[in-house]
Amino acid sequence: MTLIEFENYKKCINCNSESLSFEAEGRDYSYETTVENFIWMSCNSCGHFFLKNRPAKKFHKNIYPDTLKNYEEFSNKSLSFKIKNYLTYSQLKKFINSHKNDLSVLDIGCASGMFLDIISSKFKQFSNFDGLEISEAAAKKAREKGYNIFMSLIEDFNFKKSYDLIAMQQVIEHVHDPMEVIKRLFKNLNKDGILLIETPNADCFDRIIFKGYWEGYHMPRHFNIFKINNFKNKLKEIGFSKVIINKKIKPVHWTLSIKNYLKDKKRFKFVYNNIKETNFFLNIIFSFFDLFQIIFFRKSSDVAYIAIK
């Protein structure tokens, strides 16, 4: 393991308030890139959740190892992919103009191109498919499908053109200055363009149950988790004319939170070594858990924002 330098935050990075509450403490259970303990705080003023001791940006590659994601596990044959495919299509079809052609899409954190697959197969209005990725292995797979893939962090990306659709699924929580990134995305959206953001939501039972083991924290790679209304207002302040909110199921948060707990407690090693986020039966079981908390308590561990320029 490499020694990592950290930036320590004593104020809320969303509203600059010094009135904070301790939420959770944990470590990198998934990849063990550092032995450091990490602390999550919440702001008493705006409700924002943030990582107090954040790895410095220059150590980005240290906390994102090559083993971060097994892209081979994701395919259009899996049930989880098919469900996500359908839900994403259902989300977007109401807002993408069916009368326009030659539209452009940018998927930030495109992995091996799963979201671009959905857009290219379901929306014939699009003819330009760009992706942004930090994994060489994932980028190679996406390029093999014919997509234009750029290797860069979104903070460092040099826009050459504007887009009709920009997607950031499970990305905004990773960036150091999320509002500045969103301002850049807004600037590089065409008129009536759509920004799709999907991110963890702290207002859920699984966070309360698992505390520092909650996968939504994903220590130390997640830095910020926004309160829904606060984030919606921020998007409108930036200039988006309309923001639609969809609370989403995230069964993998339950599955990997259990794995984090068992791994830390050194219990049932055989069990946690064989728990995978693509496990069919666990995904089905915890999907019902998530549906229950959404329907009866209006809580969810994941949320999607569709912001229209």
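It should be noted that the structure appears before, not after, this text.
About the thresholds
- Residues numbered from 1 in each chain as written.
- Predicted model: local features only at pLDDT ≥ 70, side-chain atom pairs only at ≥ 80, totals over all residues.
- Heavy atoms only, no water.
- Axes fitted to C-alpha atoms, helices over the stretch in contact; angles between N-to-C directions.
- Helix = DSSP H or I, 4+ residues; strand = E, 2+ residues; numbered from the N terminus.
- Parallel < 35°, antiparallel > 145°, perpendicular 65-115°, else oblique.
- Left-handed = near helix turned anticlockwise from the far one by under 90°.
- Contact = heavy atoms within 4.5 Å.
- Pairing = 2+ DSSP bridges.
- Salt bridge = Lys/Arg side-chain N within 4 Å of Asp/Glu carboxyl O.
- Buried < 20%, exposed > 50% of the residue type's maximum accessible area, 1.4 Å probe, protein only.

Caption draft 1: Region of the structure containing the packing of helix 5 (residues 178–187) against helix 7 (residues 228–238). Where helix 5 meets helix 7, the closest approach of the two axes is 10 Å, and the angle between their N-to-C directions is 45°. Classified by the angle their axes make, helix 5 and helix 7 are oblique. Seen from above, helix 5 lies across helix 7 with right-handed handedness. Listed contacts from helix 7 to Met179, Ile182, Lys183 and Phe186 of helix 5 are Phe231, Lys234, Leu235 and Ile238.

Caption draft 2: The arrangement of the sheet that holds strand 2 (residues 20–26) in detail. What the 4 strands build is an open sheet, ordered 2-3-4-11; its pairing is antiparallel. Edge strands, defined here as strands with exactly one partner in the open sheet, are strand 2 and strand 11 (224–225). In the sheet, strand 3 (residues 38–43) pairs with strand 4 (residues 49–51) via 3 bridges, with the strands oriented antiparallel. Across the sheet, the residue bridging to Ser42 is Phe49, located in strand 4.

Caption draft 3: Spatial organisation of the pattern of salt bridges. Per the counting criterion, the structure on display carries 13 salt bridges. Between Arg221 and Asp28 there is a salt bridge; the shortest N-O distance is 2.7 Å. Of this pair, Arg221 sits in the loop between helix 6 (205–210) and strand 11 while Asp28 sits in the loop between strand 2 and strand 3, and the two are 193 residues apart along the sequence. When sorted by exposure, Arg221 lands in the same class as Asp28, which is buried. The closest approach of N and O atoms between Lys263 and Glu32, which form a salt bridge, is 3.8 Å. Of the two residues, Lys263 sits in helix 8 (residues 251–265) while Glu32 sits in the loop between strand 2 and strand 3, which places them 231 residues apart along the sequence.

Caption draft 4: The environment of Asn230, seen in detail. Tracing the backbone through its elements, the reader meets Asn230 in helix 7. With 183 residues separating them along the chain, Asn230 and Gly47 place their C-alpha atoms 8.0 Å apart. Leave out the neighbours within four places in its chain, and Asn230 touches Asn14 and Cys46.

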